[in-house]
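Topology and contacts: notes
Residue strings, one per chain:
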Amino acid sequence: MRIPSTVFWHWVVVFPFIIVPNGLAAPTSSASLQDIPISIREAASAASLFTSLAATATSVTFASQRGAALSQALSGNISSRGFNAFAQFSVPSDIPESPVYPAVDPSNPPSVGDTVVPDFGPAWAAAYAKAKKMVAGFSLEDKVNVTTGVGWGGGRCIGNIGAIASANGASWPGLCLEDSPLGIRNTDFVTAFPAGINAAASFNRDLIRQRGLFLGKESRNKGVNVQLGPMMNMGRIAQGGRNWEGFGADPFLTGEAAYETVIGMQEAGVIACAKHLVGNEQEHDRTTASSHIDDRTMHEIYAHPFLKSVMAGVGSMMCSYNLVNDTYACENDKMMNDIVKREYAFQGFIMSDWSAHHSTISANRGLDMSMPGDITFNSGTSYWGANLTAFVQNGTIPEARVDDMATRIIAAWYLLGQDNPSYPAVNFDAFNPDNDQTNLHVDVQDDHYKLVRALGAASTVLLKNERGALPLCKEDRSIVLIGSGAGPGKAGPNEFVDQAGSDGVLAMGWGSGSANFTYLVTPLEAIQREARQFHTSISWLFDDFDLPRAGNIARKKDAALVFLSADSGEEFINVDGNQGDRNNLTAWHGGDTLVLAVAAQNNNTIVIVNSVGPLIIEPWIDHPNVTAVVWASLPGQEAGNSLADVLYGAWNPSGRLPYTIAKDASDYGTELILPKSGQVPSGENPLEIRYTEGLNIDYRHFDSNNIAPRFEFGFGLSYTTFNYTGLNVSKIATVESPAELPFLSAWEEGDATAIDEGSSRALWLHRPAYQATFTIQNTGSVYGGEIPQLYINFPASSGEPPSVLRGFTHIELDPGQTGNVTITFSRYDLSVWDVEKQGWRKPEGTIGVTVGASSRDARLEGNIPA
C-alpha cells in the first residue's frame, strides 16, 4: 500500500471491465469461469478462449484481468466450495464457560494479565443477526457496493466504502478505512505513537494494550471505522523495509503484541485490521515475488499472529501484495478460506491491500472487500462493482457468497457498535488536508503524550554500560551531543512526505505506516532541560560528516553523546537509494566513522541509536572509549523526553531486544532476494523467495547453528541487578467439560487435533494448562523493572529450534525487594503442527522449561511434568 506500481499480469483473459459507478451491472457474459484455466502453469491453454470471450462483450471498455493463479488446484488444495456453490462456514459453538472462557464484548475486554480466554462468540452472533437482517433488505447491487471501494481518492479516507440508500428502504453509512499502525496518517492534531517495534521492545503488555486503546480512540474521534493496523509480519530478514511497523522477529512476541493491540483498538470502538496476510517479508518486488512457505512453518511462524488476532476478536484482515506458493495472497484459497476462515473460524472480513486485488473470481477464494476498489489507482475500472454483479447474474459466483461478504463487513461494523448514532462522522480529508471545508482540524490527542513518553522509555534498550557511564549525573559537568540525530530536521518534523527522509532525530520510518507529527521533542531539547538541574555545560554539532570538528569538540568533555540512525520504509518511495528495504545493515550518514572519530578523543563516548532494526556495530562496539550504548529505536513524538528519562535515570531501562543483533550480516542466514540479471519478475514468472530456513529465523537460527550473536534476542541491561530463584513448573488444576475429554486424552497421547471449524483456537488447546512460578529479587541499589522470559526446550526429535519463547512478564522492585512471578502457558504453547495429520500435537519426549533474562541468559531450568 498505497501508491500505484507497475502491474505484471501473469496471464490475460479478456473480460468486460467497464467504468462503473457503484450499483451498475456489467453485461452478462455467456462464458463461465469454469471454462477458464486457473493454474498459472496452464496460461497457454487459455489462448483458445480469447476469441469466444471477446465475442461476448460489445460496446464496453476493456481491461485485462489477472487470472486466479491458484496453484493449489494442482495439488488438491482447492476447498470444497466450488465455483458455482457456496456453503457458509459453520461457526463453533463458542459457549461461554466461566471463569476461564467468559463471554466478552469488545467494548469491555478482560484486563491485561487475566488468564482467561475471551469468548467473543456471543458478541459476533448478535452482530451477525443484525447484519443478516440488514443485508436481507439490500439489492444485489447494494451488497456488491458494500464489498467494493469507491476508488482511489474517491472519498476523504485512504479507503472508502460508499453509503447505501437502498430502493428497498434499507440504509447504511459506509466505511472509512485509514492508516496507520502508529497514528492517523495524512491529517493533523493526532499523536505520533512509538512504532510497533518499540511496543514489542517494551515486553510490557500493559503499555502495548494502552497504546492500542489510544490509537483506537484517536481513530474513532476522527471518524475512522477501520484502522489499518496492527502490522504483524515477521522480521524474517533484518533489512526488511517495514519490519519497524511490526513487533519483531519472534512469532510468540508478535502474537502477544498483536493480541493486546487489537483488544485495545477495538475497545475504543474502531475495527482493527490484522495485516499483511501473509509472507510480505521484503519490499523489493513485493507485487511479483512468491514466498514459498511450508505448511508447518506457516502455522507455527507466519500465521500465528493472525490466529492470536482472531482470538482477540479482530474485525478485519488485509491480504498482502505478494504471491504465496505461486498464488497471489488475495487469491489464495488455502490461506483465506482454509486456514483463516475454517481453521481459525474468523468471523470478520478480509480486504485486499491497495491494488492487490487481481480478479473477479477472488470472491470465491475468500476475499471479501476490494480496496481501494479500482484495478489501478484512478483507472475507473474495477474487478468487482458491476463485474461482480455480472458474475453473480451469469451463475459464476453464487449470490450467497456475496451475501456472506456483505454480512461479514456489516457484522464487524455492528460488533464495534458503530451503528450508534453518536459514532463520529469523518472529519478529515486524507487527500486534501489543506481543504478547510473537508478537514475540520479536530484535535484528538488528549493526554496521550504521557503514554508515548513512558512507552518510549520502556522500549529503550541499554546494550552496554561500563565504568558507570549511565545514568548521567552532576559529575558530568560538560556534555556534547554529536550527530544530526540529536537535533531537529532542517524544515520541521514533517519535512518529508510520508516521512521519507531524515535529517534530524529519527522517530518513525517511512511509507503508509507513518503519520504526521504534531510536534517532535528532540534529544537536544530534552537533555538540555535535564542538564540545567546540574548546571551542566551543553554543546552540540549536528554535522555527521565533519569528523575533525566532531573529534575536537568532544575533547575534554565529561561525556560525548553520539547519535546514529538507520531508516527504511515502503517500496513506493526510494530514500538515498534504499527502495524500502535497507541496502545494508550499517548506520546511515557515516555513523560508524563518526563514532570512531569521537571515541578517538573522548574516553566516555555514549552511543544513542535510533534505528528501524538491527545494525552491524562491530566497527566500534568494543572500542575501550565507547562506554555505553542506548538503543532507542523509533520512539515517536516524545523521542527526546523518553531518551532523557533513561539517560538521567528517571526511568531505569527495562527494554529488551525484539530481534538479534549479529556480528556479521551473513550470520542471519536470510537475506534480501533480488532478481537475477535480466529477470523481470511477473505474476507468471515471479521472483522466488524460498523460506528454506523453516522455523529457524532470528535467534532460533543462531541457536540452531551455534552462532554467537553480538546481542541476543531478549537482551537488555538495567541500572540494577536481579536474582532468580525457586522455579516450580506444575499443571494447573482445571475442570474440563465432557466434550473436551477426548481431545485432552488424544493430545496427552501425542495424537494430532482433528482439523475442523475453529479447531486451532479451541478452548481446550489455549486455556492455561501449566504454570511456572519463581521469585525475583532486586539485588542492586536502585528501583527497577525486570522482564523475565520463559523459553520452551522441545526434544530434538520434534524438529523445533533449541529454544522458543513462550512467555514473558514484567515486574518492578525496590532495592532488596523480592517478588513472586507466575507465567502460565497452554497446550498450544507445547504443541507442534503435524503436517501429515493437519493438527496440533504434543511431541514425544521430555519438554524443558528455561526462565531467564534473554534467549541466552538462562537463570532457572525445569521440565514439563508428565
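Here we summarise the structure given alongside this text. Since this is a predicted model, take the numbers as computed values, not measurements. The written sequence of each chain sets the order in which its residues are numbered from 1. The model is predicted, so local features are restricted to residues of pLDDT at least 70 and side-chain atom pairs to those at 80 or more, both for listing and for counting; the totals for chains, interfaces and linings are taken over all residues. Think of the side-chain values as coming from all heavy atoms in the structure, minus any hydrogens and water.

**With respect to the packing of aromatic side chains**
The pairing test for Phe, Tyr and Trp rings, Trp by its six-membered ring, is centres within 6.5 Å, and the orientation test on the planes gives stacked under 30 degrees, edge-to-face over 60, and tilted for anything in between. Scanning all chains against the criterion turns up 20 aromatic pairs. Look at W172 and W413: their rings are 6.1 Å apart centre to centre, the planes differ by 80°, and that puts the pair in the edge-to-face class. Here W172 is found in strand β5 (residues 171-172), whereas its partner W413 is found in helix α12 (residues 399-415), with 241 residues between them in sequence. As far as burial versus exposure is concerned, W172 and W413 are alike and both buried. The interplanar angle of 15° and the centroid separation of 6.1 Å between the aromatic rings of Y724 and F774 together place this pair among those described as stacked. With a gap of 50 residues between them, Y724 in strand β23 (residues 722-731) and F774 in strand β24 (residues 768-778) connect regions that are remote in the sequence. Throughout, exposure labels follow a simple rule: accessible area from a 1.4 Å probe, protein chains only, divided by the maximum for the residue type, with under 20% read as buried, over 50% as exposed, and the rest as partly exposed. With relative accessibility at 4%, the residue Y724 sits in the buried group. Assessed through its relative accessible area of 2%, F774 is described here as buried. Helix numbers and strand numbers start at the N terminus; a helix is a DSSP run of H or I with at least 4 residues, a strand a run of E with at least 2.

**Overview of the sheet that holds strand β10 (residues 316-319)**
When DSSP finds two or more bridges between two strands, those strands count as paired. Pairing in this open sheet of six strands is mixed, and the strands run β3-β6-β7-β8-β10-β13 from one edge to the other. Of all the strands in the sheet, the pair left with one neighbour each is β3 (159-161) and β13 (349-352). Inspection of the sheet shows strand β8 (residues 271-277) paired to β10 by four bridges, in the parallel sense. When the bridges of β10 are listed, L277 appears paired with C319. Whether two residues touch is decided by their heavy atoms; if any such pair falls within 4.5 Å, the residues are in contact. Only the stretch in contact is used when a helix axis is fitted, and all axes are lines through C-alpha atoms; the angle between N-to-C directions ranges over 0 to 180 degrees. Strand contacts of α12: β6 (175-178), β8 and β13, with the helix running at about 110° to β13, the strand carrying the most contacts.

**Thoughts on the state of the cysteines**
When the sulfur atoms of two cysteines come within 2.5 Å, that pair is taken as a disulfide. A full pass over the atoms with the stated rule returns two disulfides. A sulfur-sulfur separation of 2.0 Å characterises the disulfide bridge that pairs C157 with C176. What sets the handedness of the C157 and C176 disulfide is the S-S torsion sign, and at about -105° it is left-handed. Here the residue C157 occupies a position in the loop between α3 (140-147) and β3, and C176 occupies one in strand β6, the gap between them amounting to 19 residues. Each sulfur in the disulfide pair C319 and C330 lies 2.0 Å from the other. Of note, the bridge from C319 to C330 carries an S-S torsion of about 110° and is right-handed in sense. Taken together, the residues C319 in strand β10 and C330 in the loop between β12 (327-328) and α9 (333-343) connect sequence positions eleven residues apart. Assigning the bonded cysteines of the protein chain consecutive numbers by sequence position, one obtains the connectivity 1-2, 3-4. Summary of cysteine pairing: C273 is not part of a disulfide, and the nearest cysteine sulfur, belonging to C319, is at 9.3 Å. Overall, the relative accessible area of 0% leaves C273 in the buried class.

**Let's talk about unusual backbone geometry**
Residues other than glycine predominantly adopt negative phi, and peptide bonds predominantly adopt the trans conformation. At the junction of D179 and S180, the peptide bond is cis and its omega measures out at 5° in the coordinates. Locating S180 in the fold gives a position in the loop between β6 and α4 (196-202). The omega angle of the peptide bond from L470 to P471 is 0°, so this bond is cis rather than trans. For P471, the position within the fold is in the loop between β14 (461-465) and β15 (478-482). Positive phi outside glycine occurs at D498, with the angle close to 55°. The residue D498 is located in the loop between β15 and α14 (523-531) in this model.

**Here's the deal with the sheet that holds strand β21 (residues 626-631)**
Spatial strand order, β14-β21-β20-β17-β15-β16: six strands in an open sheet with mixed pairing. Two strands close off the open sheet at either side, each with one partner strand: β14 and β16 (537-541). The sheet shows a mean angle of 15° between the axes of neighbouring strands, taken without regard to direction. The pairing of β14 with β21 spans four bridges and is classified as antiparallel. Bridged to V461 within β21 is W631. In the packing of helix α16 (residues 591-599) onto the sheet, contacts are made with β15, β17 (559-566), β20 (605-611) and β21, and the angle to β17 comes to roughly 175°.

**A look at α14**
For α14, the set of buried residues is P523, L524, A526, I527, E530 and A531. Tucked into the core, α14 has its buried residues touching β15, β16, β17 and α17 (639-647).

**Points about the pairing of strand β9 (residues 289-292)**
Every other side chain in a regular strand lies on the same face of the sheet, so the side chains alternate between the two faces. Of the two faces of β9, the one lined by A289 and S291 and the one lined by S290 and H292 are each fully buried. Note that β9 and strand β22 (residues 687-690) share four bridges and pair parallel. In the strand pairing of β22, S291 is matched with I689. Judged from the two bridges that link them, β9 and strand β11 (residues 323-324) form a sheet pairing that is parallel. Within the sheet, the bridge partner assigned to S290 lies in β11 and is L323.

**Comments concerning the pattern of salt bridges**
Think of a salt bridge as a Lys or Arg side-chain nitrogen and an Asp or Glu carboxyl oxygen that are within 4 Å of each other. All told, the structure shown has 40 salt bridges when counted by the stated rule. The partner of E800 in a salt bridge is R296, with the nearest N and O atoms 2.6 Å apart. Linking E800 in the loop between β26 (789-793) and β27 (804-808) with R296 in helix α7 (residues 295-302), this pair joins segments that are 504 residues apart in sequence. R296 sits in the buried class, given a relative accessible area of 17%. A salt bridge links R710 to E618, with the nearest nitrogen and oxygen atoms 2.8 Å apart. One end of the pair, R710, is in the loop between α18 (699-704) and β23; the other, E618, is in the loop between β20 and β21, with 92 residues separating them in the sequence. Taking relative accessible area as the criterion, E618 reaches 26% and is therefore assigned partly exposed. When salt bridges that share partners are traced, they join R242, E245, E283, R286, E570 and E571 into one network.

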